[in-house]
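Working through the structure, step by step
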Amino acid sequence: MKNLILFIALCIGFNAFSQIFEPVKWETSVEKVSDSEYKLVTKASIDAGWHLYSQNVPEDGPIPTTFTFDNADGGIEMLGSTIEDEGHTVDDPVFEMEITYFENHATFKQKIKLLESKSTVNGTVEFMVCDDKRCLPPTEVDLVFSLNETSATEKINITGIIDNDAVNNALYGMVPENIELAASTEVEKKSLWTIFGLGFLGGLLALLTPCVFPMIPLTVSFFTKSSGQSKSSGVGKALLYGFFILLVYLILSIPFHLLDSVNPDILNEISTNVWLNVIFFAIFVFFAFSFFGYYELTLPASWTTKTTQGENTGGVIGVFFMALTLAIVSFSCTGPILGSLLAGSLTADGGAWQLTAGMAGFGVSLGLPFALFAMFPNMMNALPKSGGWLNTTKVILGFLELALAFKFLSNADLVKHWGLLKIEPFLILWIIIFGGLAIYLFGKIKFPHDALIKKLSFSRISGGILVAAFTIYLVSGFRVNKETNTFTSLTLLSGLAPPVGYSWLYPSASTNNLKTFKDLKEGMAYAKQVNKPIMIDFTGYACVNCRKMEEHIWPLEKIDNYLRNEYVLISLYVDDKKDLPADEKVEVNRVNGGKRLLKNYGHKWANFQTQFFKSNSQPYYVLLNSEGNKVLTEPVGYTPDEDEYAKFLEHGLEIFKKHRINKFSLD
């Protein structure tokens, strides 16, 4: 019960994502004990009505306050654990346990010993706060402790005022006020209806699995034939059941809205995090072999037991728990599909709302049959009987999951520049996977739960032919494009395969061998020298739509001419994990409040995009004059239409030439 209450409390906070709360302010200082020993002091100022939790919290309670200190170089030794003030210990009615928390202020001290000369020590505090109405999610704040003699007792206000102009001038050579914006700089987001449709298709796939399909007639019969109720009452409950299925999946997307509102870059950071992509790869491989039938994915049995007990409540609450039970017991089939939806949304440019749209499509697709067949029970006679085809569908999904797994491994490889999964091995792996799927459909491979095939059906033969044709299409990706001296880009693999220039045999340092700058100041200096307008390309190594634009729109003749001859191209990768030089690792203000420490080039360019252009989606194309102080036309995002993108580039060039003529006339 306490977990449910906690979840509801968090959801209240999640729904308030339009307002960013910062109820705790942190400041640091240092107390010198001896020449080599210091106490790192962290003080928290807590707004009235809010509670900051202790470092020591029982299991299943709120997130404890946790301190970590950077000792990557082995330069410090921790002496004991972090000591905290005495807080208030109460029997918390929400969490139903004894909890210690702090009000108004709290002080934490960590004693260290220096093993080598250092001027600062960096740390991080993760904490959770609640008031009487809401709990905020765990938040991390970077801490910096100065060990200099002159400032050993000086407070360093982590949330103090940062001189944006000084930071921006140092990093980018200009400030936002230097740039004259176009009439509007808002990017057009990818249609949520498209994402809804993809989620709907995912739900249809889930319906055609052994975990869900047999439940349709059983559940509909329960609602329409239950004793003691009218037909209209049964239909009403079935409609409510379908609605609650949708609600369950919508609730799953709520946490991501808070993450997106607290830090607009966080979903991009999650999607491009190297080790998270490696974990996604391992999970998808695990999902694939589950679909193959080697083991079953199940959530804890206690969850099913509790939700089944809730069904006995009756009325609306009972129907809700029935929907929740379906979501839990069908997890072995729906989990991998939802995992694909989640991972795909994180790499898209619409963040949490795209995830919600996808979840809505999935929930509608999954819940609609239960409501529809309850209203028109005779339609169930048209449903095919359960049989071996359900397991075949599941195995096909296993092959697709296995193929997608290598997409995530490719993301990590691109970001870290490992050079392991370049275009050649990626295509070979996909050829093996889809070749294996074709062989399976032709009945030459058998998995644990497959029934004996006496005769191939028309659907298996036609499906096998289609997959075999796709495999041949993959092989055609090894054709060499003589104009770009790279392998041929495959349209159907846009955003899935690595860029064709990321190759062992035909490497290309830039897209389509275009002259591309990856440093802002260097590119702008060149633009001034040659007196050409600039196109800033905010992109990412793991950005799906960026790859689609670069491989299928940029090579088109009239687009290529603009980029090759008329513009100076500056590509800034917001997911580049390469460390920044020490003098550029600075703290900056976020555009929506709060602060962040720039650690790598991805942080630097993402901060540039949000600070100067109030956008955080990729791809994002900004056209500037040669001095870099005027936006020529409204920036655009993903624009797969050749004519529309050409019009964008042409319009920017016309404005640049017009202003250049006017400037010469004035001179």
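Provided above is the structure to which this section pertains.
Residues numbered from 1 in each chain as written. Predicted model: local features only at pLDDT ≥ 70, side-chain atom pairs only at ≥ 80, totals over all residues. Heavy atoms only, no water.

**Some details on the environment of A525**
Here A525 is to be found in helix α16 (residues 520–530). Considering only alpha carbons, one finds A525 and S626, 101 residues apart in sequence, at a separation of 8.6 Å. (Helix = DSSP H or I, 4+ residues; strand = E, 2+ residues; numbered from the N terminus.)

**A look at the pattern of salt bridges**
Applying the stated criterion across every chain yields a total of six salt bridges. Of the charged contacts in the structure, one is a salt bridge between D35 and K32, with a shortest N-O distance of 3.8 Å. For K32, a relative accessible area of 35% gives the class partly exposed. Among the salt bridges present, the one from K558 reaches D643, with a minimum N-O distance of 2.8 Å. One end of the pair, K558, is in helix α18 (residues 557–566); the other, D643, is in helix α20 (residues 642–666), with 85 residues separating them in the sequence. Classification of D643 by relative accessible area gives exposed; the value is 51%. (Salt bridge = Lys/Arg side-chain N within 4 Å of Asp/Glu carboxyl O. Buried < 20%, exposed > 50% of the residue type's maximum accessible area, 1.4 Å probe, protein only.)

**Concerning the side chain of T471**
With respect to the helices, strands and loops of the structure, T471 is situated in helix α15 (residues 458–475). Once residues within four sequence positions are removed from consideration, T471 is found in contact with I431, F434 and G435. (Contact = heavy atoms within 4.5 Å.)

**Some remarks on the pairing of strand β1 (residues 24–32)**
Pairing of β1 with strand β2 (residues 37–46) involves nine bridges; the strand directions are antiparallel. By the bridge assignment, S29 is partnered in β2 with V41. Hairpin connection between β1 and β2: a loop of four residues separates the two successive antiparallel strands. (Pairing = 2+ DSSP bridges.)

**A closer look at the packing of aromatic side chains**
The geometry of two aromatic rings is summed up by the distance between their centres and the angle between their planes. If you walk through the whole model with that rule in mind, you get 41 aromatic pairs. Pairing F69 with F145 gives two aromatic rings, centres 6.0 Å apart and planes at 45°, and the pair type is tilted. Pair noted here: F69 is in strand β4 (residues 66–69) and F145 is in strand β11 (residues 139–146), with a separation of 76 residues, a long-range link. Classification of F69 by relative accessible area gives buried; the value is 16%. Here F145 falls in the buried class, since its relative accessible area comes to 0%. (Phe/Tyr/Trp six-rings, centres within 6.5 Å; stacked < 30°, edge-to-face > 60°.)

**Notes on the nonpolar core**
Counting 32 residues, the largest nonpolar core has F399, W430, F434 and L493 as its most contacted members. Breaking this core down by element, the ones donating at least two residues are α8 (274–291), α13 (388–416), α14 (423–441) and α15. With 11 residues, α14 is the largest single contributor of residues to this core. In this view, L493 contacts F426, L427, W430, F470 and L474; residues no more than four positions away in its chain are not counted. Listed in part, the 30 residues of the second largest apolar core include I179, L572, F612 and F613. (Core = buried A, V, L, I, M, F, W, Y, C linked by side-chain atoms within 4.5 Å.)

**Some words on helix α3 (residues 192–207)**
With 16 residues, α3 should cover 22 Å at 1.5 Å per step; its first-to-last C-alpha distance of 23 Å lies within 8% of that length. Among all positions in α3, only I195, G199, G202, G203, A206 and L207 are buried. Viewed along the axis of α3, the buried residues span an arc of 145°, placing them on a single side of the element. (Expected span 1.5 Å × (residues − 1). Arc of directions from axis to C-beta.)

**Notes on empty space enclosed by the protein**
Summed over the entire model, instances satisfying the criterion amount to four cavities of 30 Å³ or more. Roughly 60 Å³ of volume is contained in the second largest cavity. Split by residue class, the lining of the second largest cavity holds seven nonpolar, three polar and one charged. (1 Å grid on protein atoms, 1.4 Å probe; cavity = no way out; pocket = protein on both sides within 12 Å on 5 of 7 lines; lining within 4 Å. Points joined across faces, edges and corners; volume = space filled by probe spheres on them. Nonpolar A, V, L, I, M, F, W, Y, C, P; charged D, E, K, R; others polar.)

**Details of a nonpolar patch on the surface**
Together, L239, L368, L372, M375, F376 and M379 give the surface a local cluster of nonpolar side chains, amounting to about 500 Å² of exposed area. It is helix α12 (residues 351–375) that provides the largest number of residues to the nonpolar patch, a total of three residues. For L372, the location among the structural elements is in helix α12. Among the residues examined, L372 registers a relative accessible area of 33% and is labelled partly exposed. (Patch = residues over 30% accessible without salt bridge, like charges linked within 9 Å, V, L, I, M, F, W, Y side chains within 5 Å. Areas by Shrake-Rupley, 256 points an atom, 1.4 Å probe, with all protein chains shown as cover.)

**Observations regarding the sheet that holds strand β15 (residues 516–517)**
If you walk across this open sheet you meet the four strands as β15-β17-β16-β20, and the pairing is mixed. Each edge of the open sheet carries a strand with a single partner, namely β15 and β20 (620–624). Pairing between β15 and strand β17 (residues 568–573): two bridges, direction parallel. Across the sheet, residue T516 finds its bridge partner in β17, namely L569.

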